[in-house]
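Structural features, examined
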Amino acid sequence: MARRVVPLNDLVRQNRLIHDELAASARRVIERGWYVLGSEGAEFEKAFAAYCGVPHAVGVANGTDGIELALRAAGVDDGHSVATVANAGFYASTAIHAIGARPLYVDVDPATHLMSVDSLNRGLARNPPQAVIATHLYGRLADVEAIIAICKPLGIPVIEDCAQAHGASRNGRAAGSFGAAGCFSFYPTKNLGALGDGGAVTTGDAAMAGRLRELRQYGWDKKYQVSRPGGRNSRLDELQAALLLAKLPHLDRWNEGRRAVARRLSNEIRHPRIKCPQDFGTDNVAHLFVLRCDDRDGFQRHLEARGVGSDIHYPIPDHRQPAYAAFNSSELPETERLAKEIVTVPCFPEMEEEEISQVIDAINSW
């Protein structure tokens, strides 16, 4: 009998559980005949803002657009610089380069894989940027309070990259409510995922929200009048907004399901050459379970042979991407060390107990 393969993720399982809700949402949009910037989008923005504990959420086409527009709304322009980490898949870097700004890469903490506050402090002393992007990676909140405490006296806005942290919270505050703006992706694999691309930017600042609404639609302040430079066509469509509205009430339960899987993996993986993530409290929604090992290629071959999917998030640090060789002068030893050792293994809320056991047994038998 062939061994069952445990996938890295399985979106069909989740969507099957709420199929009727999703079908009803799609039918509602189809029958209404309004597909962009209508009542579904407005209702989702209201609901998502409330979920994040902020007054405003602005739907956009995807998370990367959200970061770009948030930076523009915060005053970042061509020739400016933005501090960020280099281990998060180049999404923030894409937004920075789209503006014509320059990324200033900050090293990460080896235990959390998140922005090192000490490294940021050193970077600010050498070359203060016009903004800082604090990335909440793999579901875990960055030390965003400390980052803001450093940046606020210098007048540097902090933009949260929340693409992997929907629902994460600390001391009663949710991801997307700490900085000048919080940028979310609703790519299908996210903790709150659409059935296509989508994104949103949250903020507590009404003026910032107004700038974002103009920027997402060509820079218009009224129809066909472009009053704000840097605008684009980046709108969350009605169909995706309706589907996200159906999914949002389930998010906390799904997040707790992810934590339960992650806790079991962390507690039962005991291989001496494997380092597992720890601490799955409210500030970690276990978007990805990323461990470290000293022979990644051999480890992944072993997992494949044992029927366990895996991936690398992310194999090439931003400052080593060949398309941007001119920016490759940064020295980020922890970032580069992690990039050679990290492996992502399955962790999603619909995993069956037997599948979790199969992942654990495969890792421990390496």
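Conventions adopted
- Residues numbered from 1 in each chain as written.
- Predicted model: local features only at pLDDT ≥ 70, side-chain atom pairs only at ≥ 80, totals over all residues.
- Heavy atoms only, no water.
- Phe/Tyr/Trp six-rings, centres within 6.5 Å; stacked < 30°, edge-to-face > 60°.
- Buried < 20%, exposed > 50% of the residue type's maximum accessible area, 1.4 Å probe, protein only.
- Lys NZ or Arg CZ within 6 Å of the ring centre and 35° of its normal.
- Axes fitted to C-alpha atoms, helices over the stretch in contact; angles between N-to-C directions.
- Helix = DSSP H or I, 4+ residues; strand = E, 2+ residues; numbered from the N terminus.
- Parallel < 35°, antiparallel > 145°, perpendicular 65-115°, else oblique.
- Left-handed = near helix turned anticlockwise from the far one by under 90°.
- Contact = heavy atoms within 4.5 Å.
- Nonpolar A, V, L, I, M, F, W, Y, C, P; charged D, E, K, R; others polar.
- Pairing = 2+ DSSP bridges.
- Disulfide = S-S within 2.5 Å.
- Core = buried A, V, L, I, M, F, W, Y, C linked by side-chain atoms within 4.5 Å.
- Lys, Arg positive; Asp, Glu negative; His and termini not counted.
- Salt bridge = Lys/Arg side-chain N within 4 Å of Asp/Glu carboxyl O.
- Polar contact = N/O pair within 3.5 Å; in protein donor to acceptor, adjacent residues only side chain to side chain.

**Here's the deal with the packing of aromatic side chains**
This model, assessed by the stated rule, comprises 11 aromatic pairs. With a centroid separation of 5.2 Å and 75 degrees between ring planes, the pair formed by Trp220 and Tyr224 is classed as edge-to-face. For Trp220, a relative accessible area of 17% translates into the label buried. Put simply, the rings of Phe44, Phe48, Tyr51, Phe184 and Phe186 pair up and form one aromatic cluster. The ring of Trp366 carries Arg273 above its face, with NZ or CZ at 4.3 Å from the centroid.

**Concerning the packing of helix 6 (residues 117–126) against helix 7 (residues 144–151)**
Running from N to C, helix 6 and helix 7 point in directions that differ by 15 degrees, and their axes come no closer than 10 Å. Regarding the angle of helix 6 to helix 7, the classification is roughly parallel. In terms of crossing hand, the pair formed by helix 6 and helix 7 is right-handed. For the pair helix 6 and helix 7, contact is made by Val117, Leu120, Asn121 and Leu124 and by Ala146, Ile147, Ile150 and Cys151, respectively. For the contact of helix 6 with helix 7, the residue count by class is 7 nonpolar, 1 polar and no charged.

**Focus on the sheet that holds strand 13 (residues 289–293)**
The 3 strands are arranged 12-13-14 in an open sheet whose pairing can be described as antiparallel. For this open sheet the edge positions go to strand 12 (274–275) and strand 14 (342–345), each flanked by a neighbour on one side alone. Across 4 bridges, strand 13 lies against strand 14 in antiparallel orientation. For Leu291, the partnering residue across the bridge sits in strand 14 and is Val343. Seen against the sheet, helix 11 (residues 296–305) touches strand 12, strand 13 and strand 14 and runs at an angle of roughly 15 degrees to strand 14.

**Digging into the state of the cysteines**
Overall, the coordinates contain 0 disulfides when judged by the stated rule. Left without a disulfide partner, Cys162 is nearest to the cysteine sulfur of Cys183, which lies 6.9 Å away. Note on Cys162: relative accessible area 0%, which makes it buried. Cys347 carries a free sulfur, and the closest cysteine sulfur to it, the one in Cys276, is 11 Å from it.

**Quick word on the packing of helix 10 (residues 251–268) against helix 13 (residues 353–364)**
For any two helices packed against each other, one specifies the inter-axial angle together with the distance between the axes. One can describe the packing of helix 10 onto helix 13 by two numbers: an axis separation of 10 Å at closest approach and a directional angle of 30 degrees. The angle between helix 10 and helix 13 falls in the class roughly parallel. In this structure, helix 10 crosses over helix 13, and the sense of that crossing is right-handed. Here Val261, Arg264, Leu265 and Glu268 of helix 10 come into contact with helix 13, specifically with Glu353, Ile356, Ser357, Val359, Ile360 and Asn364. Grouping the amino acids of the contact of helix 10 with helix 13 by side-chain chemistry returns 5 nonpolar, 2 polar and 3 charged.

**What about the nonpolar core?**
Core analysis: the biggest nonpolar cluster contains 52 residues, and Phe44, Phe48, Leu120, Val132, Ile147 and Phe186 have the highest contact counts within it. Where this core is concerned, the elements lending two or more residues are helix 3 (39–52), strand 2 (81–85), strand 3 (102–106), helix 6, strand 4 (131–135), helix 7 and helix 9 (238–247). Once residues lying within four places of it in the same chain are set aside, the contact partners of Phe186 are Phe44, Phe48, His166, Leu192, Gly193, Ala194, Gly196, Gly198, Gly199, Ala200 and Leu244. Grouped together as the second largest cluster of nonpolar side chains are 25 residues, Ala262, Ala286, Val359 and Ile360 included.

**Thoughts on the side chain of Arg140**
By the secondary structure assignment, Arg140 is in the loop between strand 4 and helix 7. Buried charged residue Arg140 carries no salt bridge. Nearest counter-charge: Asp279, at 4.8 Å. At 2.7 Å, the side chain of Arg140 and the backbone oxygen of Gln278 are in polar contact. Once residues within four sequence positions are removed from consideration, Arg140 is found in contact with Thr112, Leu114, Pro277, Gln278, Asp279, Asp283 and Asn284.

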